[in-house]
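# Inside the fold
Read off the chains here:
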Amino acid sequence: MVGAFPPPVHGMAQVNAQVMSALVALEVDATSYDLSARTLDRGIVARLRRSALVARTLVTYALGVSRSPAGVLYVGLSGGWGQAYEICFVALAKVFKFSVFLHHHSFAYLHTAKDLTRLLVWVAGKEARHVVLCERMAIALRRHYGEGMLVRVVSNAALIAPSVAGNAKQREALRSLGFLSNISREKGVFLFIGIVEELHRRGAGGGRREDRGPISG
């Protein structure tokens, strides 16, 4: 497995960690190659440090795959220039006859086709398996990068353990609601705002509607 793993914790890193846990539970002989930056900083120094990390990891990966012919490479794909790193890992996998699985997490290169992603898909080859989060991603991926691609839809919900609410505290009133995600249409921020507005209209949270001020942005 090649990709970002916690820390820091973000969506793709968490999914990669869950996939690794699932493989371990199935007693698969899996090795992770962590490309995660150790900070969310995107400054030049942080980028140079990550480039050095990727270079060291690529050498370690090359030594590993050379000793394990006919294996499988799984990549949690970046949404931007990180794909330049990932192309190197995919190319090595193809040299050593590995099967390739590419897990797509971003619409950044699906709303509009990107040359870097085209190169990545070409290097991975027609036999590569592509995992996407929803049918909309599958349609966009095939439209921009090849109708014959092998695509499987797997929601992130499949990788999240069901919550156990047996000891959850019972609340008699709604005090606050939060939105924990990137603030974007795709992540459902407008749906969240609509729900809050409807709850406000119904007087949720205690007190009469006219006693409370409007919900601010």
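Provided above is the structure to which this section pertains.
This text gives an overview of the structure that appears in the document.

Criteria and thresholds
- Residues numbered from 1 in each chain as written.
- Predicted model: local features only at pLDDT ≥ 70, side-chain atom pairs only at ≥ 80, totals over all residues.
- Heavy atoms only, no water.
- Helix = DSSP H or I, 4+ residues; strand = E, 2+ residues; numbered from the N terminus.
- Pairing = 2+ DSSP bridges.
- Right-handed = clockwise from strand over helix to strand, strands pointing away.

## Some remarks on unusual backbone geometry
Non-glycine residue E27 carries a positive phi angle of around 65 degrees. In this structure, E27 sits in the loop between helix 1 (11–25) and strand 2 (33–34). A positive phi angle, near 65 degrees, is found at K97, a position not held by glycine. Looking at the element boundaries, K97 is found in the loop between helix 3 (82–95) and strand 4 (99–103).

## As for the pairing of strand 5 (residues 129–132)
Judged from the three bridges that link them, strand 4 and strand 5 form a sheet pairing that is parallel. Considered in strand 5, the bridge of F101 is made with R129. Handedness of the strand 4-helix 4 (residues 115–124)-strand 5 crossover: right-handed. When strand 5 meets strand 6 (residues 150–153), the two strands line up parallel, connected through four bridges. Note that in strand 6 the partner of R129 across the bridge is L150. Handedness of the crossover joining strand 5 and strand 6 through helix 5 (residues 135–145) is recorded here as right-handed.

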